[in-house]
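# A closer look at the structure
Below are the chains, spelled out letter by letter.
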Amino acid sequence: MLLPFVNIVPGRPSPALAVWLKRAGARRYAVITACNPGSVQRDEAENAARQARLAARLAAHGLRVLPAVNGPDAPDWPAEPSCLVLDPPLALLRRLGRAFGQNALVAGRRDGRPRVVWLGRKERGGCGK
């Protein structure tokens, strides 16, 4: 089941995402990336390799994962390939996010508002991923 374009913004509910999640039989979701660890931009090849490793680790846990893209928070920041994980175990995603050097991920419930889940200290500047 493909997900149409949906803009997930922390703090703002997405009725379109809620409908899609209901059809997919999912109650919760999270968006996680392995790109640009520590809010330090890496080249496209390195980010692609990191993202492939993250996707493989998620798949090894038997999670339902769809490709996604994190839009930039700043005009000088690139869009980042990401994973939309359905009904994720948040503790696992926190561990994986930290292992891949991420500052945060986004998580939400089907009928709620997505929130930023900080994985360590909040970074100043950068994109806060």
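## Structural notes on the overall build of the protein chain
Along its length, the protein chain carries 3 helices and 5 strands. Across the protein chain, helices and strands are ordered from the amino to the carboxyl terminus as α-β-α-β-β-α-β-β. When contacts within the protein chain are restricted to residue pairs at least 6 apart in sequence, those whose partners lie at least 24 apart make up 61%. When the accessible area of the protein chain is evaluated, it comes to approximately 7,400 Å², of which 53% is carbon and sulfur surface.

## Some details on the nonpolar core
Core analysis: the biggest nonpolar cluster contains 17 residues, and Ile32, Leu54, Leu58, Val85, Leu93, Leu96 and Leu105 have the highest contact counts within it. Looking at this core, the elements with two or more residues in it are strand S1 (28-32), helix H2 (44-60), strand S3 (80-86), helix H3 (90-99) and strand S4 (104-109). At 4 residues, H3 tops the list of elements feeding residues into this core. Apart from the residues lying within four places of it in its own chain, the contact partners of Leu54 are Ile32, Thr33, Ala34, Cys83, Leu96 and Phe100. One finds Val6, Leu21, Leu84 and Leu86 within the second-largest nonpolar core, a separate group that totals 12 residues.

## Observations concerning the environment of Arg109
One can find Arg109 in strand S4. Residue classification places Arg109 among the exposed residues on the basis of a relative accessible area of 53%. For the pair Arg109 and Arg27, spaced 82 residues apart in sequence, the C-alpha separation works out to 5.8 Å. Residue contacts for Arg109: discarding those within four places in its chain leaves Arg27, Arg28 and Tyr29.

## Let's talk about the sheet that holds S1
Strand pairs in the sheet, formed through backbone hydrogen bonds, run parallel or antiparallel to each other. Spatially, the 5 strands line up as an open sheet ordered S2-S3-S1-S4-S5, and their pairing is antiparallel. For this open sheet the edge positions go to strand S2 (64-70) and strand S5 (115-118), each flanked by a neighbour on one side alone. Across this sheet, the average inter-strand angle for adjacent strands is 30 degrees, counted without regard to direction. Here helix H1 (residues 15-24) sits on the sheet in contact with S1, S2 and S3, set at roughly 55 degrees to S3. Against the sheet, H2 contacts S1, S2 and S3, and its axis sits at roughly 10 degrees relative to S3.

Reading the values: rules and limits
Each residue is numbered by its place in its chain's sequence as written, counting from 1. This being a predicted model, a pLDDT of at least 70 is required before a residue's local features are given, and a value of 80 or more before pairs of side-chain atoms are given or counted; all residues contribute to the totals for chains, interfaces and linings. Neither water nor hydrogens contribute to the side-chain values; these are computed over all heavy atoms in the structure. Elements are defined by DSSP. Helices are runs of H or I of four residues or more, strands are runs of E of two residues or more, and each kind is numbered from the N terminus. Between two residues, a contact is recorded if the distance between any of their heavy atoms is within 4.5 Å. In these tables, accessible area is a Shrake-Rupley quantity obtained with a 1.4 Å probe, and a residue counts as shielded only by the protein chains included in the view. What is meant by a nonpolar core is a set of buried Ala, Val, Leu, Ile, Met, Phe, Trp, Tyr and Cys residues, joined one to another through side-chain atoms within 4.5 Å. Throughout this description, buried means an accessible area under 20% of the type-specific maximum (1.4 Å probe, protein chains only), exposed means over 50%, and partly exposed covers the range between. What makes two strands pair is DSSP finding at least two bridges between them. To get an axis, a line is fitted to the C-alpha atoms, and for a helix only the part in contact is used. The angle between two axes follows their N-to-C directions and goes from 0 to 180 degrees.

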